[in-house]
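# Analysis of the macromolecular model
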Amino acid sequence: MFKARIKADVLREVITVVGTLVEEVKLNISSDGLSLRAVDPAHVAMVELVLKAGAFEELKATACEIGVDIDKFREMLKLARAGSVLRLSHDEDKNKLVVTIDNLTRRMSLVDTAGMSDPKVPNVNLPAKVRVKTEELNQGIRASESISDHIALIATADMFELSAEGETDSVSLKLPKDLLEALECKDTVKSLFSLDYFSNMVKSVGNAPSVTLNLGTDYPVRIEFDLAGGEGYVKYLLAPRIEND
Amino acid sequence: MFKARIKADVLREVITVVGTLVEEVKLNISSDGLSLRAVDPAHVAMVELVLKAGAFEELKATACEIGVDIDKFREMLKLARAGSVLRLSHDEDKNKLVVTIDNLTRRMSLVDTAGMSDPKVPNVNLPAKVRVKTEELNQGIRASESISDHIALIATADMFELSAEGETDSVSLKLPKDLLEALECKDTVKSLFSLDYFSNMVKSVGNAPSVTLNLGTDYPVRIEFDLAGGEGYVKYLLAPRIEND
Amino acid sequence: MFKARIKADVLREVITVVGTLVEEVKLNISSDGLSLRAVDPAHVAMVELVLKAGAFEELKATACEIGVDIDKFREMLKLARAGSVLRLSHDEDKNKLVVTIDNLTRRMSLVDTAGMSDPKVPNVNLPAKVRVKTEELNQGIRASESISDHIALIATADMFELSAEGETDSVSLKLPKDLLEALECKDTVKSLFSLDYFSNMVKSVGNAPSVTLNLGTDYPVRIEFDLAGGEGYVKYLLAPRIEND
């Protein structure tokens, strides 16, 4: 059983995050809220997302799994007016998800979850932690896009740097400790990432004013931020590109 | 003889409606105002439009017919500033329409009206009548666009429904009587229409807050709305698609 | 030596003007400011631009020449927030231009200026002078774009006219003396120009509310306007098209 009411803006945050990596996803639903895990088709990145019961206007559910097509939600969310609340319910007889906005109802066929496993989150130990304004990260990313297709994330004891090296030009965003919301780093760490993946992840942040980056050297980055004003969270994990010197 | 001044916003409403079905049109002009009838090239839809003398800032005309190219008006209207008034006059010697905005004048060649007949409006008896907010219709149409290329319009004694059926998903906008501005319907009626045509017609409505739909079963729909704040009107007639069961 | 701080909005005016004609340009820099001259690849138009020291927030320079790629500046300017100030400095050891916005730094490779000569400004005597609102010119240009690919600029003792003749339609913007900011013209002058070039030049005007046109008969037009609130200026020269009667 699944019946809920949720603000369009909250659902839009979820769909934007998931749509960054996959087009179909299995939602794990219970009376505690919604959670999901997904790995992108190239196995370069994964996402873990939790939305607590408090992020819903109303939630009545027994534990169940629902496979959904992200695009169908995007289409419905385009129709939502500012401040709209969506009603969701699972029609178990016909195995459809019934989504209602105002007087408009869409009955969606569901995706078979039989072949969709919950990916395991690898246990990585990332020694450095940086909390940085989303807006700053976005500026650094946009500046890098004309320079290279990968970027380096670097943390030292007293600053965080995002840098891109091209054939003739280079770009660097350097944020000293006093411009960061948090910096925990003993030894300098540096890893290289696909700009495309990193950019899409940071663009999916939505309203969260800052994100936490957990970093190592030639190690994945874990990108964490809040959803739904703190009633949920996202954890991305992005594999590094190993530089050949 | 034809000489007039008209608000750009009013002329834009006319051009938007006519451009939905045809690229060239014959305007019937007299001291009473302007009227036109046009059928789309596929003969699926027709439009009847009347603009009363009161919709003009000034109108001096003897009865005449003028064939115009819709695109040329679109180009001129793009140049109009908010609140602009256009001056129109017919240069009979050179058979040009002279259109002036501020200090800018375009002399337009006219389209030969010899081959353009006034289509006859078929006499159809449509038993149901619904008056619905334009905004609601637009939301229903946009929701249907990802589902199907045709939609059903249904009226019963106590509600109006717009519905689209796809292979896996379906969409339905249901408006009970108290959300409608008017509903006159004894027996349930239902007809199916091309979503493309219906969508373009409703998108052309402009500022009118509501439209009237006249419906039958497997019959055309007549879509009526006001122009120029009531100083004119539009009547579209759209042929049904007959469902093969 | 070159080290400067300049408002993003001022640099954007310069880049927009230069980018109308060329993709690479040689900047002549001194403690007095910045100047440049460029001819478009087809040799139809040239631009002369001067930015006085007062247009900079700070300027420290010994006379030098720097060859830059316009697109790289466009990319940086997209990252500037409202009111941003850019820092520019020449790293002579590595021959890079270092451009900084907030905490973001781009190190740009420079273009070799060896093959870039300073074009000579031809000495043309243009008998008529018109000062016209940029907004009026833009409206006339947009109206002409659907009519023809060239326009005539005409001045008489009591008006200025921009006109375009197509096969079936014509457009004319006529501004009598009292709608012009200045008009100095004894005998009627008329020249024909490429609409494309003229349009791009006028679109590059930016914030200057009016431009000065210097005209003759079958002679180039010189288009002059202010930059940086009067702390600089632009002079375009555009060759005429000679009509074959």
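That block above? That's the structure.
Residues numbered from 1 in each chain as written. Chains lettered and ligands numbered in written order. Predicted model: local features only at pLDDT ≥ 70, side-chain atom pairs only at ≥ 80, totals over all residues. Heavy atoms only, no water.

Let us look at the interface of chain B and chain A. A common way to state how big an interface is: give the accessible area lost once the parts meet. Contacts between the two partners involve 17 residues from chain B, matched on the other side by 15 residues from chain A. With both chains or domains summed, chain B and chain A bury close to 1300 Å², and 41% of this area falls on carbon and sulfur atoms. Among the residues chain B hides against chain A, the three largest losses belong to B:Gln139, B:Thr168 and B:Asp169. Together they make up 37% of the total. In this structure, A:Arg81 engages B:Glu135 in a salt bridge whose closest nitrogen and oxygen atoms are separated by 3.1 Å. Counting across the interface, chain B meets chain A through 13 residue pairs in polar contact (both at pLDDT 80 or more). Within the side of chain B that touches chain A, the residues separate by chemical class into six nonpolar, six polar and five charged. With four bridges joining them, strand β9 (residues 104–109) of chain A and strand β13 (residues 170–176) of chain B adopt antiparallel strand pairing. (Contact = heavy atoms within 4.5 Å. Buried area = accessible area lost by both parts, 1.4 Å probe. Salt bridge = Lys/Arg side-chain N within 4 Å of Asp/Glu carboxyl O. Polar contact = N/O pair within 3.5 Å; in protein donor to acceptor, adjacent residues only side chain to side chain. Nonpolar A, V, L, I, M, F, W, Y, C, P; charged D, E, K, R; others polar. Pairing = 2+ DSSP bridges. Helix = DSSP H or I, 4+ residues; strand = E, 2+ residues; numbered from the N terminus.)

The next point concerns the nonpolar core. Among the nonpolar cores identified, the biggest contains 243 residues, and A:Phe198, B:Phe198 and C:Phe198 are the most heavily contacted of them. Not counting chain neighbours up to four residues away, the residues in contact with A:Phe198 comprise A:Leu137, A:Ile141, A:Ile151, A:Leu153, A:Leu162, A:Leu213, A:Ile223 and A:Leu238. (Core = buried A, V, L, I, M, F, W, Y, C linked by side-chain atoms within 4.5 Å. Buried < 20%, exposed > 50% of the residue type's maximum accessible area, 1.4 Å probe, protein only.)

As a further point, take the environment of A:Glu184. Residues and elements named next belong to chain A. Mapped onto the fold, Glu184 is located in strand β14 (residues 182–184). Along the sequence, Glu184 and Ser194 sit ten residues apart, while their C-alpha atoms lie 24 Å from each other. Residue contacts for Glu184: discarding those within four places in its chain leaves Pro127, Ala128 and Lys129.

What follows covers the relation of the copies chain B and chain A. Overlaying chain B on chain A yields an RMSD of 0.0 Å, the required transformation being a rotation through 120° with an accompanying axial translation of 0.1 Å. Seen this way, the second copy is the image of the first under a three-fold rotation axis. No C-alpha of chain B approaches the rotation axis more nearly than that of B:Ala82, which lies at 16 Å. (Least-squares fit on C-alpha atoms with pLDDT ≥ 70 in both.)

What follows concerns the sheet that holds strand β1 (residues 2–7) of chain A. Strand order in the open sheet made by the nine strands is β5(A)-β1(A)-β7(A)-β8(A)-β9(A)-β13(B)-β12(B)-β11(B)-β15(B), with antiparallel pairing throughout. The sheet is open, and its two borders are formed by β5 (58–61) of chain A together with β15 (189–194) of chain B, each paired with just one other strand. The mean inter-strand angle of the sheet, taken between neighbouring strand axes irrespective of direction, is 20°. The pairing of strand β7 (residues 85–91) of chain A with strand β8 (residues 96–101) of chain A spans six bridges and is classified as antiparallel. For A:His90, the partnering residue across the bridge sits in β8(A) and is A:Leu97. Lying on the sheet, helix α2 (residues 70–78) of chain A is in contact with β7, β8 and β9 of chain A; it crosses β9(A) at an angle near 175°. In this fold helix α3 (residues 134–144) of chain B packs onto β8 and β9 of chain A together with β11 (150–155), β12 (159–165) and β13 of chain B, with an angle of close to 20° to the strand it touches most, β12(B). (Axes fitted to C-alpha atoms, helices over the stretch in contact; angles between N-to-C directions.)

Right, let's talk about the packing of aromatic side chains for a bit. All names here are of chain A. Throughout the structure, instances matching the rule amount to three aromatic pairs over all chains. When the centroid spacing of 6.1 Å and the interplanar angle of 45° are considered together, the rings of Phe225 and Tyr236 count as tilted. Separated by eleven residues along the polypeptide, Phe225 in strand β17 (residues 221–227) and Tyr236 in strand β18 (residues 232–238) bring together distant segments of the chain. Each member of the pair, Phe225 together with Tyr236, is buried. (Phe/Tyr/Trp six-rings, centres within 6.5 Å; stacked < 30°, edge-to-face > 60°.)

These results come straight from atomic positions and should not be treated as a statement about function.
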